[in-house]
Amino acid sequence: MKLLHKDIEKDNAGQVTLMPEEAEDMWHTYNLLQVGDSLRASTIRKVQTESPTGSVGSSRVRTTLTLCVETIDFDSQACQLRVKGTNLEENQYVKMGAYHTIELELNRKFTLAKKSWDSVVLDRIEQACDATQKADVAAVVMQEGLANLVLVTPAMTLLRAKVEVTIPRKRRGSCTQHEKALERFYEAVMQAILRHINFDVVKCILVASPGFVKDQFITYLFKEAVRHDNKILLENRPKFMLVHSSSGHKYSLKEILSDPTVTNRLSDTKAAGEVKALEDFYKMLQHEPDRAFYGLAHVEKAAEALAIDTLLISDKLFRHQDVPTRSRYVRLVDNVRDNGELTQLSGVAAILRFPIADLSEPEDDSSSDDD
């Protein structure tokens, strides 16, 4: 993401102009947008035209519109972001107040205006524009005939390629069709690796599967690398790590990243921070429950006592459309920021500096739903 312009006043109102450069930037933009914001971007509009003879036709024109944001739709698999709202500035194609949906595009700038830019959204912009926050871990999760190539960043996992090849069963007396299909499968996975992994950035490539699929693939990969003198693969061979997974589906990535041998190998990568924080929290919950708090009300009390060492908080909580509720989460982050650490989780939790016992007040449910 590129920050092209930033104009925020002392009262925190203002606007920024950004340019998304890769798929992950759409995820960051999704987390910046809120209902009621103003979004200005280039878009395609279908307009009706009437010829001198009176015949009516339609055409698609590119124009720039400013919308008051009403709904935000993010497709996490395709990393596509659509924003629907009413037009705030009339032009020759679109009347004031007319509805339109903008699909934000890579390498096309947009301007986002807010009545109040809080610390969380400003941090999100800083994170999105920081080149060091790029994906430095890749994973190929595979089984016979299926492979998912994923890039792992501090903010999310990105599915970059899915390879599916039908593998016939071995027949008695002949394995030719089976072996040919496997070779086509391995070749397709190799090409996906070469196409989607930036070896200048990625420090580790995890290759995971049940059984010996991973081992057979790695044997094929480097046999082909030697045969074709592929220096990129040969020079980066130490970055490949074989690990067991229960399947070749993307959901197996969670178990892979929790493997202690993987955790050690990834210790100097960006993606390792969140995984380690989660593991530390669950260990603390098991062995020292008075130092592992979860739920907004309990975590807030720990923050008031300056007891929080690491705060774990989910991105989705900052997408809460109820302004007072969202402000409560932002306030919690601001209170903890100077005294502890922040990472992401599926809710609100904290690892404490010291134990706090007997928190008997009931937990409220405001942290359980962000819709």
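Rules used throughout
- Residues numbered from 1 in each chain as written.
- Predicted model: local features only at pLDDT ≥ 70, side-chain atom pairs only at ≥ 80, totals over all residues.
- Heavy atoms only, no water.
- Buried < 20%, exposed > 50% of the residue type's maximum accessible area, 1.4 Å probe, protein only.
- Helix = DSSP H or I, 4+ residues; strand = E, 2+ residues; numbered from the N terminus.
- Pairing = 2+ DSSP bridges.
- Polar contact = N/O pair within 3.5 Å; in protein donor to acceptor, adjacent residues only side chain to side chain.
- pLDDT = per-residue confidence, 0-100.
- Contact = heavy atoms within 4.5 Å.
- Axes fitted to C-alpha atoms, helices over the stretch in contact; angles between N-to-C directions.
- Phe/Tyr/Trp six-rings, centres within 6.5 Å; stacked < 30°, edge-to-face > 60°.
- Salt bridge = Lys/Arg side-chain N within 4 Å of Asp/Glu carboxyl O.

A. Highlighting the pairing of strand β14 (residues 308-313). For β14, the buried fraction is high: five of the six residues fall into the buried class. Direction of pairing for β14 relative to strand β16 (residues 348-352): antiparallel, over a ladder of five bridges. Along β16, the bridge assignment pairs L312 with A349.

B. Spatial organisation of the side chain of D25. Along the chain, the position of D25 falls in helix α1 (residues 23-32). Using a relative accessible area of 1% as the deciding quantity, one classes D25 as buried. Among the polar contacts listed, one links the side chain of D25 to the backbone nitrogen of E21, at a separation of 2.8 Å.

C. Representation of the confidence of the model for the protein chain. Per-residue confidence for the protein chain averages 85 on the pLDDT scale, and 88% of its residues sit at or above 70. Low confidence marks residues 360-371, where pLDDT is under 50. Its contacts with residues over four positions away, or in another chain, come to 22 contacts.

D. Fine view of the sheet that holds strand β12 (residues 240-244). Ordered in space as β10-β9-β8-β11-β12, the five strands form an open sheet in which the pairing is mixed. Edge positions in the sheet fall to β10 (157-164) and β12, since each has one partner strand and no second. Geometrically, the sheet is characterised by an average inter-axis angle of 20° between neighbouring strands, direction not taken into account. Alignment of strand β11 (residues 204-209) against β12, held across five bridges, turns out to be parallel. Bridged to S209 within β12 is H244.

E. Inspection of the packing of aromatic side chains at higher detail. Taken as a whole and assessed by the stated rule, the structure comprises nine aromatic pairs. Ring geometry for W27 against F74: centres 5.8 Å apart, planes inclined by 55°, an arrangement best described as tilted. Of the two residues, W27 sits in helix α1 while F74 sits in strand β4 (residues 56-75), which places them 47 residues apart along the sequence. Like F74, W27 is buried. The interplanar angle of 55° and the centroid separation of 5.8 Å between the aromatic rings of Y186 and F217 together place this pair among those described as tilted. Taken as a pair, Y186 in helix α3 (residues 176-196) and F217 in helix α4 (residues 213-227) lie far apart in primary sequence, 31 residues in all. Taken individually, Y186 and F217 each receive the classification buried, so the pair is uniform in this respect.

F. Here's a closer look at helix α9 (residues 296-304). Of all nine residues that make up α9, seven are buried, and the element is covered over most of its length. Listed as buried for α9 are L296, A297, H298, V299, E300, A302 and A303.

G. Spatial organisation of the pattern of salt bridges. Throughout the structure, instances matching the rule amount to 11 salt bridges. Put simply, R62, E105 and R108 are held in one network by salt bridges that share partners.

H. Focus on the pairing of strand β3 (residues 38-50). Sheet topology places β3 next to β4; 13 bridges connect them, and they run antiparallel. When the sheet's bridge partners are listed, Q48 is paired in β4 with S58. What sits between the antiparallel neighbours β3 and β4 is a turn of five residues, in which G54 has the positive phi angle 100°. Relative to strand β7 (residues 110-114), β3 is paired through four bridges, and the arrangement is antiparallel. Paired with A41 across the two strands is F110, which belongs to β7.

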